[in-house]
Number of protein chains: 2
Amino acid sequence: MEYIFKLGVLAAALAGGLSAQPSVPQVERWDVFEVALNGPTAGNPYLDVQLQAEFRYRHRAVKVDGFYDGAGVYRIRFMPDEMGEWTYTTSSNRPELAGKSGKFQCTAPSARNHGPVRVAHTYHFAYADGTPYVPIGTTCYAWAHQGDELENQTLATLRSAPFNKMRMCVFPKHYVYNENEPKFYVFPRAGDSNDYTRFSPEFFSHYEKLIRALRDLNVEADLILFHPYDRWGYSKMPAEVDDRYLRYVVARFSAYRNVWWSMANEFDFMKEKTMSDWDRFFRIVQESDPYQHLRSIHNGAIIYDHAKPWVTHVSIQRDDFEKTQERLAAWRKPVVYDECKYEGNIPRRWGNISAREMVRRFWIGTTAGAYVGHGETYLDAHDVLWWSKGGVLHGESPSRIAFVRKILEEGPAEGLNPAAGYYQAAGAEGKYYLFYFDVHQPAEFEFDLPKGVKFRADVIDPWEMTITPVAGTYEGKFQLKLPAKPYQAVRFRKAD
Amino acid sequence: MEYIFKLGVLAAALAGGLSAQPSVPQVERWDVFEVALNGPTAGNPYLDVQLQAEFRYRHRAVKVDGFYDGAGVYRIRFMPDEMGEWTYTTSSNRPELAGKSGKFQCTAPSARNHGPVRVAHTYHFAYADGTPYVPIGTTCYAWAHQGDELENQTLATLRSAPFNKMRMCVFPKHYVYNENEPKFYVFPRAGDSNDYTRFSPEFFSHYEKLIRALRDLNVEADLILFHPYDRWGYSKMPAEVDDRYLRYVVARFSAYRNVWWSMANEFDFMKEKTMSDWDRFFRIVQESDPYQHLRSIHNGAIIYDHAKPWVTHVSIQRDDFEKTQERLAAWRKPVVYDECKYEGNIPRRWGNISAREMVRRFWIGTTAGAYVGHGETYLDAHDVLWWSKGGVLHGESPSRIAFVRKILEEGPAEGLNPAAGYYQAAGAEGKYYLFYFDVHQPAEFEFDLPKGVKFRADVIDPWEMTITPVAGTYEGKFQLKLPAKPYQAVRFRKAD
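These remarks concern the structure in this document. (Residues numbered from 1 in each chain as written. Chains lettered and ligands numbered in written order. Predicted model: local features only at pLDDT ≥ 70, side-chain atom pairs only at ≥ 80, totals over all residues. Heavy atoms only, no water.)

**A word on helix H8 (residues 355-366) of chain B**
Part 1 of the reasoning: Taking 1.5 Å of rise per residue, the 12 residues of H8 of chain B would be expected to cover 16 Å, and the 17 Å separating its terminal C-alpha atoms lies within 8% of that figure.
Part 2 of the reasoning: Across the 12 residues that make up H8 of chain B, a large majority, 11, are buried. (Helix = DSSP H or I, 4+ residues; strand = E, 2+ residues; numbered from the N terminus. Expected span 1.5 Å × (residues − 1). Buried < 20%, exposed > 50% of the residue type's maximum accessible area, 1.4 Å probe, protein only.)

Right, dumping it as structure tokens:
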């Protein structure tokens, strides 16, 4: 039996100023503690061997599934959520893996580690430590299948991009501009045939490396578990393979705090699956994940019934933002327009909106009380389009998306909800209001804010990225001169 | 008995090179022949005296109502639609007005006189002589109530504006930016009280002058018969007054070829009226109008059931152009988005869209197989906003609307219908297609036109007003390079 000291552990230990290896392993809160065990290699360990551990903190116990990682190595990964001493004991149908026990010390999280993201205030998100999380996502569906050079370039791009969430597929993608073969396969593959009874450890260890790299950039990994764009067979596996795949993925990835589960992209385009398959997938993930990471499902034409209890938030492909209020009311969950078409110039309708239109959609969605996701599809001589393969960004919207992200992060911690009685405004009652005027260009406008509260006002130009304070304070009904330009916003914040 | 030689009659006579007064009056086709008779002044002629005439052309007879014009003068106006000799005989409940007869010669129309506009090809319009009519309307609700100076300025503006239809109220308007008293009242008025048993000839003769002035500019007068913006009582008259008013208006105005009837603006905002009132108003106009001018009704929040047989075309306030196909299919009538909000900068949502957005809406509506109307509401120190009072235009959309009008008038005579299978395209099957890309900016696009027909292509920039021919001819499926700019259009015309 051996401890695997992950990066975070070492960092915590070094940060603690310890000169010698600690007698008890230390893991920072919401980081990964991993137990690696040597075990049987005979037969098919993926099918034959069961391994779990029970982690205990005082009177609390958390059961965690282990997984086989090939070459006789079994692993159990755990994300502690309480500081202090944790103990664990393994159980298995193989005696050599059962009854192993140990302990570790969970230490304070480092400055940039806020834990996993949860739903907060019904329609919004926050990290586990209470820090608000404003999802500003992008999509690179198949970036994890492009090889080190392009993957490193994608990570380098993300370092200075405004995005804190990445939608990414586990399986490789076959689609227009996506004809290349992946470097790794999820299952061992010979010719055109997959061995669905085993997994490929090299695929998973590579994929985990990217999840960790995103985590280190504070980017949530919104993992898409199934999708229809397939030439390898992954979209039409037997049900027992689907289920085993889900359990294996959850066992391997769920200890990473930045993981989100998206059951599928365009689930309704997967003709081999029924609605009860999708319900079952949700339940398997919900039952298997000790940490209850966020769970969603992304539509093509048909929107899944988000009232179902295992859905934590709405991740939809739509640009009918005017329906946001009814969606919030119907589902009482955060609404994220993860795909509202992409900035770009390809011949497809979903992939050629202008940068200005993309920015406009961020503002419309935001002031409707929802969140909006980015994507980019500019034609490229080598078919490297950000939306699928990553690489570099060419568009003009990301800098403006950074601007709106900053505004939202400086906004009220409880998030922006639709402001009653206004057409395109969201706020936090009595404290904060954000108006967006879209194609409207009033030279003056009558606002009607609460009486007895003084507000400061700013005129915001979302494209020019300017914030112009308006002199004075305001309350109740009042008229304000505005720039008589389209696509402007006005922000009101309670005066201190 | 005397003939009133109207302008058109004299012009026709002079154009004919006649040096002496013709022995038989001459009226050009679709112009006005008027019979004026002296009759009783005692009692209340508006209520007591009935007057009609039967006009005959060969074996055909047309019955026309006359009207009392005050000061003992009764008039019967008639718009002949066939060239040749017409005769007429009057009838009345007063012997001195009955049995008068005469004849006139209907001559060929002058060059700019194409007759009244009719529905053509189910979803489109044409003048009675077959010339296609592409409605490019504007709105100046209360321009006829502003006095000569402003009214003349409005007419001068129209002389070089792109509009060939004017939406205008019969009654004066009370509303924001519309506080002034009208110069003339429809009914004699003393203090706050209207004499609903009489009409005011001076109001009508003034209003007719404006209808004729529009006619001479080839602008259709889309007359709004009722509206809710009222401080004088006209929106809540008794039913018998409503009905008498309608019959009087039809008797006076219907001989002008450029008249259209709009039962109301925002009919559903008139709380005193029921749906059966509106049905009755339509029937009265339909029964009374010998020429069957176009009839519509304009909504606020609730759209009237346009399937009703007396509605000739759809005149709606909406900007949900994406519903055009279902509206065309449901009603099988032309769809005109007469109010899709106004270019301007006032504080109201309906009156502050940008010029670019107004132009965009013209293109979206056009390529959906519908028609779009203009309006303008820029703040003015003297509250002279085009949308209501007329005056001058300040906006940037009219020149671009002239551009789209020219394109449509050079298009297929049968009009543009939604092109099946395309998102934003309309055309005439096998001959002509107009695509609009809205916020989309493809660098290339695959078109799928009929095989066996060669098309020439043009790239159109609706804002810059450029038409750039693309080299070559095209048929079937083909790829075309496009400017990768938003808001572009592409036109295909069958090569000669």
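**A closer look at the relation of the copies chain A and chain B**
Part 1 of the reasoning: When chain A is brought onto chain B, the operation consists of a screw motion whose angular component is 180° and whose axial shift is 0.1 Å, with 0.0 Å RMSD remaining. Interpreted geometrically, this transformation is the action of a two-fold axis. No C-alpha of chain A approaches the rotation axis more nearly than that of aspartate 320 of chain A, which lies at 5.8 Å. (Least-squares fit on C-alpha atoms with pLDDT ≥ 70 in both.)

**Description of the packing of aromatic side chains**
Part 1 of the reasoning: Applying the stated criterion across every chain yields a total of 126 aromatic pairs over all chains.
Part 2 of the reasoning: For the ring pair tyrosine 207 of chain B and phenylalanine 253 of chain B, a centre distance of 5.4 Å and an interplane angle of 20° mean the geometry is stacked. On the criterion of sequence distance, the pair formed by tyrosine 207 of chain B in helix H4 (residues 201-216) and phenylalanine 253 of chain B in helix H5 (residues 239-253) is long-range, its members being 46 residues apart.
Part 3 of the reasoning: For tyrosine 207 of chain B, a relative accessible area of 0% gives the class buried.
Part 4 of the reasoning: The ring centre of tryptophan 463 of chain A lies 3.7 Å from the NZ or CZ of arginine 400 of chain A, which sits over that ring.
Part 5 of the reasoning: Directly above the aromatic system of tyrosine 229 of chain B lies the positively charged group of lysine 173 of chain B, at a separation of 5.3 Å from the ring centroid. (Phe/Tyr/Trp six-rings, centres within 6.5 Å; stacked < 30°, edge-to-face > 60°. Lys NZ or Arg CZ within 6 Å of the ring centre and 35° of its normal.)

**Structural notes on the interface of chain A and chain B**
Part 1 of the reasoning: With 27 residues of chain A at the contact, the number on the chain B side is 26 residues.
Part 2 of the reasoning: For the pair chain A and chain B, the summed buried area comes to about 2,000 Å², and 53% of that belongs to carbon and sulfur atoms.
Part 3 of the reasoning: Contact with chain B buries area across many residues of chain A, yet Arg349, His440 and Gln441 of chain A alone supply 28% of it, more than any other trio.
Part 4 of the reasoning: Applying the counting criterion to the chain A and chain B interface returns 0 salt bridges.
Part 5 of the reasoning: Seen at the junction of chain A and chain B, the total is 14 residue pairs in polar contact (both at pLDDT 80 or more).
Part 6 of the reasoning: The set of elements that each furnish at least two residues to the side of chain A that touches chain B consists of helix H8 (355-366) and strand S27 (444-448) of chain A. (Contact = heavy atoms within 4.5 Å. Buried area = accessible area lost by both parts, 1.4 Å probe. Salt bridge = Lys/Arg side-chain N within 4 Å of Asp/Glu carboxyl O. Polar contact = N/O pair within 3.5 Å; in protein donor to acceptor, adjacent residues only side chain to side chain.)

**Notes on the side chain of arginine 360 of chain B**
All names here are of chain B.
Part 1 of the reasoning: Tracing the sequence through the fold places arginine 360 in helix H8.
Part 2 of the reasoning: For arginine 360, a relative accessible area of 16% gives the class buried.
Part 3 of the reasoning: Every residue in contact with arginine 360, bar those within four places of it in the chain, is listed here: Tyr436, Asp438 and Tyr487.

**What to know about the sheet that holds strand S19 (residues 314-317) of chain B**
Residues and elements named next belong to chain B.
Part 1 of the reasoning: Taken in spatial order, the 3 strands line up as S19-S20-S22 in an open sheet, and their pairing is parallel. Pairing within the sheet leaves two strands with one partner each, and these edge strands are S19 and strand S22 (371-372).
Part 2 of the reasoning: Both strand S20 (residues 335-339) and S22 contribute to a ladder of 2 bridges, which runs parallel. Looking at S22, one finds that tyrosine 337 is bridged to valine 372.
Part 3 of the reasoning: Along the sheet, helix H7 (residues 324-331) makes contact with S19 and S20, crossing S20 at roughly 125°. (Pairing = 2+ DSSP bridges. Axes fitted to C-alpha atoms, helices over the stretch in contact; angles between N-to-C directions.)

**Description of a negative patch on the surface**
Part 1 of the reasoning: A surface patch of like charges, here negative, comprises Glu322 and Glu326 of chain A together with Glu322 and Glu326 of chain B.
Part 2 of the reasoning: Inspection of the secondary structure puts glutamate 326 of chain A in helix H7 (residues 324-331).
Part 3 of the reasoning: With a relative accessible area of 53%, glutamate 326 of chain A lands in the exposed category. (Patch = residues over 30% accessible without salt bridge, like charges linked within 9 Å, V, L, I, M, F, W, Y side chains within 5 Å. Areas by Shrake-Rupley, 256 points an atom, 1.4 Å probe, with all protein chains shown as cover. Lys, Arg positive; Asp, Glu negative; His and termini not counted. Charge placed at Lys NZ, Arg CZ, Asp CG, Glu CD.)

**Comments concerning the sheet that holds strand S19 (residues 314-317) of chain A**
Residues and elements named next belong to chain A.
Part 1 of the reasoning: Spatial strand order, S19-S20-S22: 3 strands in an open sheet with parallel pairing. Both outer strands of the open sheet, S19 and strand S22 (371-372), are each paired with one neighbouring strand and no more.
Part 2 of the reasoning: Its contacts with the sheet place H7 against S19 and strand S20 (335-339), and it is angled at close to 125° to S20.

**Concerning the packing of H8 of chain A against helix H10 (residues 397-409) of chain A**
The description of two packed helices rests on the angle between their axes and on the distance between the axes.
Residue and element names in this part refer to chain A.
Part 1 of the reasoning: In the contact formed by H8 and H10, the axes pass within 9 Å of each other and the chain directions differ by 15°. Here H8 is positioned roughly parallel relative to H10, judged by the angle of their axes. You can see that H8 and H10 cross each other, and the crossing is right-handed. Facing H8, whose interface residues are Ala355, Met358, Val359, Phe362, Trp363 and Thr366, H10 presents Ser397, Arg400, Ile401, Phe403, Val404, Ile407 and Leu408.
Part 2 of the reasoning: Tallied by class, residues from the contact of H8 with H10 come to 10 nonpolar, 2 polar and 1 charged. (Parallel < 35°, antiparallel > 145°, perpendicular 65-115°, else oblique. Left-handed = near helix turned anticlockwise from the far one by under 90°. Nonpolar A, V, L, I, M, F, W, Y, C, P; charged D, E, K, R; others polar.)

**A few points about the pattern of salt bridges**
Side chains that differ in sign of charge can pair as their charged atoms come close.
Part 1 of the reasoning: Under the counting rule described, the total for this entry stands at 75 salt bridges over all chains.
Part 2 of the reasoning: A salt bridge links aspartate 81 of chain B to arginine 60 of chain B; its shortest N-O distance comes to 2.9 Å. Of this pair, aspartate 81 of chain B sits in the loop between strand S6 (73-78) and strand S7 (84-92) while arginine 60 of chain B sits in strand S5 (residues 60-68), and the two are 21 residues apart along the sequence.
Part 3 of the reasoning: Its relative accessible area of 33% is what places arginine 60 of chain B among the partly exposed residues.
Part 4 of the reasoning: Residues arginine 244 of chain B and glutamate 240 of chain B are paired through a salt bridge, measuring 3.7 Å at the closest nitrogen-oxygen approach. Taken together, the residues span about one helical turn, with arginine 244 of chain B and glutamate 240 of chain B both in helix H5 at a distance of 4 residues.
Part 5 of the reasoning: For arginine 244 of chain B, a relative accessible area of 19% gives the class buried.
Part 6 of the reasoning: Among the charged side chains, a network of salt bridges with common partners joins Glu34, Asp69, Arg75, Arg77, Glu208 and Arg252 of chain A.

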